[in-house]
Amino acid sequence: MRPLIEKNKQLVSIVMPAYNCEEKIHHAIESVKSQTYCNWELIIVDDCSKDETLRVIENYANSDKRILSLKNIRNKGAAESRNIATDKALGHYIAFLDSDDFWSKDKLLNQITFMESNSYDFTYTYYEVKKEDQRKRIIYKAPKILNKIKMSFMCPIGCLTVMYNVKKIGKIYAPKLQRRNDYILWIEILRKSKLAFCLNQNLATYKVNNDGLSSSKLLNIYYYFKVIKLSYKYWYLILPLTTPIYLLLILIKKTTPEFYNIIIKNL
């Protein structure tokens, strides 16, 4: 049974792909269940996990009608799993949360209030990064406003912070790209919304697995080229201008996050 929509409160559809995360996914789900804004549905797509991830998801779904458990018939990757969840979404808004990340309890309430009080259709927030081998707390900030031109230089948007208005923009689907598919997704949303706005609060925590996809920097650079080529008509003119700045920003982000935040806030 799908969730009932409360009067005077817009339904938020939360998209979550899941793969081999039985020991971590409960943190993500519990952070959703703990939200002070209660009118949400959580759509979790298990991407043919080899561990007990699906069992964990189904246990939650059986105990909370707001949680929908889906399973791919074959491994399709995070991008296509998000698309499957997006296709099932009933909400006025769509938000994203991966299975090893989590939100602060006021994330939905604060972001929806921010959007509705300003008539914004596409928003994002600050987020915190936790690395497995480090205890240092790193908070990444973001520009107040983003457009397609700014996005050609860098993607300062954390996937776990995004929310967009489906009723105004329509459902937008990610390309079937192994990496940086979220980068292209934000650019596609910007084709409709024109602008994206930042709520300058740290409302989400992103966990970095040193053995995961996020650890390969050379491949991320390669996929940056793919993003620009797929997203911009005159990519061959853009890349020579944007690539040096992109590489510099990546270096600064990894080495001196405080300086990166100063730059990125003024982008």
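Rules of the game
Residues numbered from 1 in each chain as written. Predicted model: local features only at pLDDT ≥ 70, side-chain atom pairs only at ≥ 80, totals over all residues. Heavy atoms only, no water. Helix = DSSP H or I, 4+ residues; strand = E, 2+ residues; numbered from the N terminus. Rg over C-alpha atoms; globule rule 2.2 N^0.38 Å. Contact = heavy atoms within 4.5 Å. Lys, Arg positive; Asp, Glu negative; His and termini not counted. Charge placed at Lys NZ, Arg CZ, Asp CG, Glu CD. Buried < 20%, exposed > 50% of the residue type's maximum accessible area, 1.4 Å probe, protein only. Pairing = 2+ DSSP bridges. Polar contact = N/O pair within 3.5 Å; in protein donor to acceptor, adjacent residues only side chain to side chain. Core = buried A, V, L, I, M, F, W, Y, C linked by side-chain atoms within 4.5 Å. Arc of directions from axis to C-beta. Expected span 1.5 Å × (residues − 1). Bend = angle between axes of the 7 residues up to and from the residue. pLDDT = per-residue confidence, 0-100. Salt bridge = Lys/Arg side-chain N within 4 Å of Asp/Glu carboxyl O.

Things to note about the overall build of the chain
In step 1: The number of helices and strands found in the chain is 10 helices and 10 strands.
In step 2: Against the 2.2 N^0.38 benchmark of 18 Å for 267 residues, the chain shows a C-alpha radius of gyration of 18 Å, consistent with a compact globule.
In step 3: By principal-axis analysis of the C-alpha atoms, the chain measures approximately 50 × 40 × 35 Å.
In step 4: Within the chain, residue pairs in contact and separated by at least 24 positions form 80% of the contacts whose partners lie at least 6 positions apart.
In step 5: Between the mean site of the 42 positive side-chain charges and the mean site of the 26 negative ones, the chain shows a separation of 8 Å.

Considering the pairing of strand β6 (residues 122-131)
In step 1: Taken across its 10 residues, β6 has 8 buried, putting it largely inside the fold.
In step 2: As paired strands, β6 and strand β9 (residues 163-165) are joined by 2 bridges and run antiparallel to one another. Considered in β9, the bridge of T123 is made with M163.
In step 3: Examined bridge by bridge, β6 and strand β10 (residues 196-208) share 8 bridges and lie parallel to one another. Within β10, the residue paired with T125 across the bridge is L199.

Focus: the environment of K192
In step 1: Relative to the elements of secondary structure, K192 occurs in helix α7 (residues 181-193).
In step 2: Sequence separation of K192 and W235 is 43 residues, and the distance between their C-alpha atoms is 20 Å.
In step 3: Among all residues touching K192, those that are not within four sequence positions of it are I169 and I172.
In step 4: Of note is the side chain of K192, whose polar atom sits 3.4 Å from the backbone oxygen of I169.

Comments concerning the nonpolar core
In step 1: Counting residues in each nonpolar core, the largest one holds 80 residues, and the members touching the most others are V12, F122, M151 and W186.
In step 2: Sorting elements by how many residues they give to this core places α7 first, with 7 residues.
In step 3: For W186, the residues in contact, after removing those within four places along its chain, are F96, F122, M151, C155, I157, C159 and V162.

Focus: unusual backbone geometry
In step 1: Of note in the backbone geometry, R180 takes a positive phi value of approximately 60 degrees without being a glycine.
In step 2: Among the structural elements, R180 can be located in the loop between α6 (166-169) and α7.
In step 3: A relative accessible area of 18% places R180 in the buried class.
In step 4: The backbone phi angle of K194 is positive, close to 75 degrees, even though this residue is not glycine.
In step 5: For K194, the position within the fold is in the loop between α7 and β10.

Remarks on helix α10 (residues 257-265)
In step 1: What α10 keeps buried is the set P257, Y260, N261 and I264. Viewed end-on, α10 has its buried residues packed into an arc of 100 degrees, placing them on one side of the element.
In step 2: Packed against the buried residues of α10 are β7 (138-140) and α9 (235-255).

A word on α9
In step 1: Over its 21 residues, α9 runs 29 Å from end to end, which matches the ideal 30 Å to within 8%, given 1.5 Å per residue.
In step 2: Bending of α9 peaks at approximately 40 degrees at the position of T242, with proline P244 no more than four residues after it.
In step 3: Along α9, the residues that are buried comprise I238, L239, T242, T243, Y246, L249, I252 and K253.

Overview of the confidence of the model for the chain
In step 1: Averaged over all residues, the pLDDT of the chain equals 93, while 93% of them reach at least 70.
In step 2: Here residues 211-215 is a poorly scored stretch, pLDDT under 50, and it has 6 contacts once near neighbours within four places are set aside; other chains count.

Focus: the pattern of salt bridges
Opposite charge on two side chains makes pairing possible when the charged atoms of those side chains draw close.
In step 1: By the definition in use, this model includes 10 salt bridges.
In step 2: In this structure, K176 and E80 form a salt bridge, with 4.0 Å as the shortest nitrogen-oxygen distance. Note that K176 is positioned in the loop between α6 and α7 and E80 in helix α3 (residues 78-88), a separation of 96 residues in sequence.
In step 3: Taking the relative accessible area as the measure of exposure, E80 reaches 17% and is therefore buried.
In step 4: We note a salt bridge from D106 to K105, for which the minimum N-O separation is 3.5 Å.
In step 5: When salt bridges that share partners are traced, they join K33, D64 and R66 into one network.

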